[in-house]
Amino acid sequence: MLAPVTHILALTTILRERLLPMNGRVLVRLNQKVSPLDVIAEARLSREHVLLDIVRGLGVPPAAADRLLRFKTGDEVSKDAVIAQTSGLLPRIVRAPQDGRVVAAGGGQVLLEVGDSGFELRAGIPGTVT
Amino acid sequence: MPTSLVESDTILAIDIGAATTRAILFDVVDGRYRFVAAGQSTSTATAPLRDVSEGVRRAIENLQDVTGRILLDTEHHLIVPSQSDGSGIDVFSATISAGPPIKTVVTGLLSDVSLESMLRLARTTYSRVVEVLGMNDKRKPEQQLDSILRHQPDLILIAGGAEGGASRSVEKILEIIGLACFLVPASKRPIILYAGNSELAEEVQEALKAHSFSLHMSPNVRPSLDVEDLDPAQRILAGLIGEVRRRQMAGIEELNTWSGGTLIPTAYGQGRMIRFLSQVYDSGKGLLGLDAGLSAVSLASAFNGKLSMGVYPHLGLGESLAGLLRHTSLDDITRWLPIDVPVDVVRDYIFQKAIYPTTIPAAVESLAVEQALTRQVLHLAVQAMKPTISAEVPVLKAGQLPVYEPILAAGSAITSAPTLGQSLLILLDALQPVGITTIVLDQNNLAAALGAAAVHNSLLPVQVLESGAFLTLAAVVSPISNARYSAPILNARLILDDGHEAKAEVRQGSLEVLPLPVGQSAKLQLSPIGRTDVGLGPGRGGSVRVTGGALGVIIDARGRPLQLPTDPVRRRELMKKWLWTVGG
């Protein structure tokens, strides 16, 4: 066993790296002075997803379902928007159950990102952005 | 690898623990490999440095100071190979136990088949299972997906399907895993190990390779419904731990390069050594290795080369202590205290130790609490491991520890106790061994180092073991008897080679010591009274050869299971008496 050692140093610069857990936006600039509670970056944190089975909803094969999609990856959709629809007198329709964003589409399925909330990263300590 | 000692290697083994980094030197002395010396330093795996190489360098420098040998050049690089002036080394091996538990998602099909096997596989290393996906999971696919995303796993273990078996269910699981990995930024994607139906290997590659940080394939852990083979997957998993740690802390890549890509978890190195010893010691009993560390409590049980391992990060004596009271109660901890310590003080110590895991007990009270914690976490680990121990290991009494010979113990909480008697009592109280065994202390954490170095040099472990690098604590006889308290259950007679004798009439509930100097061999005659079983059969006596340990020969007749008095005053008096019996 080793006894723990504490060092006391004067005139010390402490560097702290603050990272977002996902892609987002940095809100501060180089050399900006920040205090601990300042928000220095933000991101969108999605907590829920909804998987829409277009194949089952439209009753068509996966390849046909992909052709009938009206949204692609990255598109925002609002509640009740038509995600895919067959043609004919009595079309079958798959609608978005909630507001969200298409994060994956293909293979006859669409994955929507819904219910997101903002994530704010605070400085945590007073200092200068380097 | 040397084929003769003429081409002998100087071997440096590094072990990076949560608190301490050790540098262990092995070399040829008088024609045989020996443990030469160890240096140590505070580990630098965590803040502020988060770079293990600084701790490694300091440990090697400490080793240089101890041995007087130069191992690092002026630029702090290892001198390889060893030089004629004695400087440098030839072989480098490394083990690691530092780092947070690895967040692991386990997937399989049937809960009592492939899923159970993967959970057992996950328990052989420093993992924390955060999510389990099986065929019978009632949640919607998006709920399973969200759960995986929420937990942000480091590692995903996928099994499912015996050879030639179900594929559709595995494909559904692959879809969810693939989606989850796709949604995570590339740098944060988990490492994936597939150990299922080999006919699906190509499909798995197609579905997951592009979306994982790295994808690895292993032979099926469940090639058929009634056959489980974890060894190949365990071997691959051991290598993957290094990959996970490379993402978490700096310096690991360099260590892995120095060791020729053989950086392994400390528990795996220890397990390898225990498996090897079970093949060397043909005693008809199992062999048990344990390590009570800050990162985890690890147990390795082997019999005739068949290894079972359990690694329990939630029972580590470091940061994990913060969650210990979810797995046990304060009463279960305080029952091991030989002195009166208020419950609040015990609770405070637990949480303080979790925040400052490297603190050392500095007073009688804190030492007592630390040793009580060690007993309890070891006890919990043994209970958790018992169902997974091979049925081949002989058992004297159902529900008790199988019969092991020897038991090899590591971990500073045990090996650095102020007296050897305290070390022994921690082990006897926590493990409650039965029959005839030998307790051995691994004071320098050599087992894991030897297990890692064995890849480079197979002579090394054999010769180091024979050189007495481990401390034999005691030969222990633990009889099983249903006699009432204080009834005589056994007569023991120790006959030394020079003719001297020591006798003891052993009563139920007692702890006896027969003096036998270290390294001396003697004949121990055991004459059970009634149906007492000393490991030779109920009521059957006999003679066995025993070798003296630091504490001689111990006869632990306190009962199995060990029943402590419910009255705290009486209990504390008894514990003090036992401690006094084994030397304090």
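Details of the structure are given in the entry above.
An account of the accompanying structure is given in this report. (Residues numbered from 1 in each chain as written. Chains lettered and ligands numbered in written order. Predicted model: local features only at pLDDT ≥ 70, side-chain atom pairs only at ≥ 80, totals over all residues. Heavy atoms only, no water.)

With that settled, the discussion passes to the nonpolar core. Residues and elements named next belong to chain B. Ranked by internal contacts, the top residues of the largest apolar core, which has 59 residues, are L290, L373, L378, L424, L427 and I554. Looking at this core element by element, the count peaks at 10 residues for helix α11 (residues 364–385). In this structure I554 touches L424, L428, A474, A475, V476, V477, L511, E512, V513 and V582, once residues within four positions along its chain are discounted. With 29 residues, the next largest nonpolar core counts I24, L460, A469 and F470 among its residues. (Core = buried A, V, L, I, M, F, W, Y, C linked by side-chain atoms within 4.5 Å. Buried < 20%, exposed > 50% of the residue type's maximum accessible area, 1.4 Å probe, protein only. Helix = DSSP H or I, 4+ residues; strand = E, 2+ residues; numbered from the N terminus. Contact = heavy atoms within 4.5 Å.)

This next bit is on the interface of chain B and chain A. Each side of the interface is counted separately: chain B has 23 residues, and chain A has 16 residues. Summing both partners gives a buried area of about 1500 Å² for chain B against chain A, and 64% of it is carried by carbon and sulfur. A per-residue breakdown of the area chain B buries against chain A is headed by E142(B), D146(B) and I360(B), which together make up 28% of the total. For the interface between chain B and chain A, the tally reads two residue pairs in polar contact (both at pLDDT 80 or more). Where the side of chain B that touches chain A is concerned, the elements lending two or more residues are β3 (32–42), α3 (141–151), α4 (168–183) and α12 (412–415) of chain B. For the side of chain B that touches chain A, the element with the highest residue contribution is α3(B), accounting for six residues. Along the lines of polarity and charge, the residues of the side of chain B that touches chain A split into nine nonpolar, eight polar and six charged. (Buried area = accessible area lost by both parts, 1.4 Å probe. Polar contact = N/O pair within 3.5 Å; in protein donor to acceptor, adjacent residues only side chain to side chain. Nonpolar A, V, L, I, M, F, W, Y, C, P; charged D, E, K, R; others polar.)

Residue and element names in this part refer to chain B. What you see with strand β18 (residues 501–507) is a clean split: A502, A504 and V506 sit on the buried side and E501, K503, E505 and R507 on the side with no burial. Taken together, the seven bridges between strand β17 (residues 488–496) and β18 define a ladder with antiparallel strand orientation. Directly across from I495, in β18, lies its bridge partner E501. The turn linking β17 back onto β18 is made up of four residues, and G499 within it adopts a positive phi angle of 95°. (Pairing = 2+ DSSP bridges.)

What follows deals with the sheet that holds strand β12 (residues 297–303) of chain B. Residues and elements named next belong to chain B. Read from one edge of the open sheet, eight strands run β13-β12-β11-β14-β15-β16-β22-β19, paired in mixed fashion. Each having just a single partner strand, β13 (306–312) and β19 (511–514) make up the two edges of the open sheet. For this sheet the average axis-to-axis angle between neighbouring strands, irrespective of direction, equals 20°. With three bridges joining them, strand β16 (residues 471–478) and strand β22 (residues 553–556) adopt parallel strand pairing. In the sheet register, V477 faces β22, and the bridge partner there is I555. (Axes fitted to C-alpha atoms, helices over the stretch in contact; angles between N-to-C directions.)

Here the focus is the sheet that holds strand β5 (residues 102–107) of chain B. Residues and elements named next belong to chain B. The strand order β6-β5-β7-β8-β9 describes an open sheet built from five strands, whose pairing is parallel. Unpaired on one side and paired on the other, β6 (127–133) and β9 (214–217) mark the two borders of the sheet. Across the sheet, the mean angle from the axis of one strand to that of its neighbour is 20°, orientation sign disregarded. By the bridge criterion, four bridges tie strand β7 (residues 155–158) to strand β8 (residues 191–194) in an arrangement that is parallel. Bridge pairing in β8 links I158 to Y194. Strand contacts of helix α6 (residues 231–248): β5, β7, β8 and β9, with the helix running at about 175° to β8, the strand carrying the most contacts.

Moving on: the packing of aromatic side chains. Residue and element names in this part refer to chain B. As enumerated under the stated definition, the model contains two aromatic pairs over all chains in all. Note on F92 and W258: the rings are 5.3 Å apart at their centroids and 85° apart in plane angle, and the pair reads as edge-to-face. Within this pair, whereas F92 is found in strand β4 (residues 91–96), its partner W258 is found in helix α7 (residues 252–258), the two being separated by 166 residues in sequence. Residue F92 is classed as buried on the basis of its relative accessible area, which comes to 5%. Above the ring of F213, the side-chain terminus of R247 is found at 3.7 Å from the ring centroid. Above the plane of the ring of W578 lies R558, whose end atom (NZ or CZ) is 4.5 Å from the centre. (Phe/Tyr/Trp six-rings, centres within 6.5 Å; stacked < 30°, edge-to-face > 60°. Lys NZ or Arg CZ within 6 Å of the ring centre and 35° of its normal.)

This part takes up the environment of T73(A). Residue and element names in this part refer to chain A. Here T73 lies in the loop between α2 (62–67) and β4 (76–77). The class for T73 is partly exposed, based on a relative accessible area of 45%. Through-space distance from the C-alpha of T73 to that of V110 is 8.8 Å; in sequence the pair is 37 residues apart. Contact partners of T73, with chain neighbours within four places excluded, come to V102, V103, A104 and A105.

On inspection of all chains with the given rule, the structure shows 31 salt bridges over all chains. Across the pair E113(A) and R101(A) runs a salt bridge whose closest N-O atoms are separated by 3.3 Å. Taken as a pair, E113(A) in strand β8 (residues 109–122) and R101(A) in strand β7 (residues 100–106) lie far apart in primary sequence, 12 residues in all. On the basis of relative accessible area, E113(A) is assigned to the buried category, the value being 11%. Classification of R101(A) as partly exposed rests on a relative accessible area of 24%. Across the salt bridge formed by R57(B) and E54(B), the nearest N and O atoms sit 2.3 Å from each other. (Salt bridge = Lys/Arg side-chain N within 4 Å of Asp/Glu carboxyl O.)

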